[in-house]
Amino acid sequence: MLWRTHSLARRKQVSLCELCAHPWISRPPGISARRHPELICGQAAGHPLIHYVGLSREAYDVCLREFHAVTLGAPAGLANQDLLTIPW
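No experiment lies behind these values; they were computed from the predicted model shown.

Draft legend 1. Examining the overall build of the protein more closely. Within the protein one finds 3 helices and 4 strands. Within the protein, the proportion of its 88 residues that are buried is 40%. When contacts within the protein are restricted to residue pairs at least 6 apart in sequence, long-range pairs at least 24 apart make up 67% of them.

Draft legend 2. Summary view of helix α3 (residues 57–66). Among the residues of α3, those classed as buried are Tyr 60, Asp 61, Cys 63 and Leu 64. Tucked into the core, α3 has its buried residues touching β1 (2–3), β2 (23–26), β3 (49–53) and β4 (83–84). Within two residues after α3, His 68 carries a phi angle of roughly 55°, on the positive side.

Draft legend 3. Geometry of the packing of aromatic side chains. Under the definition given, this model contains 1 aromatic pair. Each ring, one from Tyr 52 and one from Phe 67, has its centre 5.2 Å from the other, and the planes form 15°; the classification is stacked. Here Phe 67 lies in the loop between α3 and β4 and Tyr 52 lies in strand β3, a separation of 15 residues in the sequence. Judged by its relative accessible area of 22%, Tyr 52 is partly exposed. The exposure class assigned to Phe 67 is partly exposed, which follows from its relative accessible area of 43%. Over the face of the ring belonging to Trp 3 we find Arg 65, whose NZ or CZ atom lies 5.9 Å from the ring centre.

Draft legend 4. A look at the side chain of Ser 26. Counting through the fold element by element, Ser 26 comes out in strand β2. Looking at Ser 26, the relative accessible area reads 3%, which means it is buried.

Draft legend 5. Broad picture of the pattern of salt bridges. On inspection of all chains with the given rule, the structure shows 4 salt bridges. In this structure, Arg 11 engages Glu 18 in a salt bridge whose closest nitrogen and oxygen atoms are separated by 2.7 Å. On the basis of relative accessible area, Arg 11 is assigned to the partly exposed category, the value being 36%. On the basis of relative accessible area, Glu 18 is assigned to the partly exposed category, the value being 27%. Several salt bridges share partner residues, and in doing so they unite Asp 61, Arg 65 and Glu 66 into one network.

The rules behind these values
Residues numbered from 1 in each chain as written. Predicted model: local features only at pLDDT ≥ 70, side-chain atom pairs only at ≥ 80, totals over all residues. Heavy atoms only, no water. Helix = DSSP H or I, 4+ residues; strand = E, 2+ residues; numbered from the N terminus. Buried < 20%, exposed > 50% of the residue type's maximum accessible area, 1.4 Å probe, protein only. Contact = heavy atoms within 4.5 Å. Phe/Tyr/Trp six-rings, centres within 6.5 Å; stacked < 30°, edge-to-face > 60°. Lys NZ or Arg CZ within 6 Å of the ring centre and 35° of its normal. Salt bridge = Lys/Arg side-chain N within 4 Å of Asp/Glu carboxyl O.

The values reported here are purely geometric and, on their own, carry no functional implication.
Here's what the structure looks like:
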């Protein structure tokens, strides 16, 4: 997922290598939702650049919108027409 103004937003598909080159927001270390992007990216392209750690919808919203972070999934309830899901 990424914000509609992100540099990858107009793409129909992106590679994991491309995603791993951008800053990520994810859950804190030790939580299974954090291990998921680390495992997927680690198998395909290296490690995601997890610059931001968030637990709330607000944290995800700010990091995706203001800092152009990417994520594999956002917290439940973060429904925004400005968020895009692009297949990889």
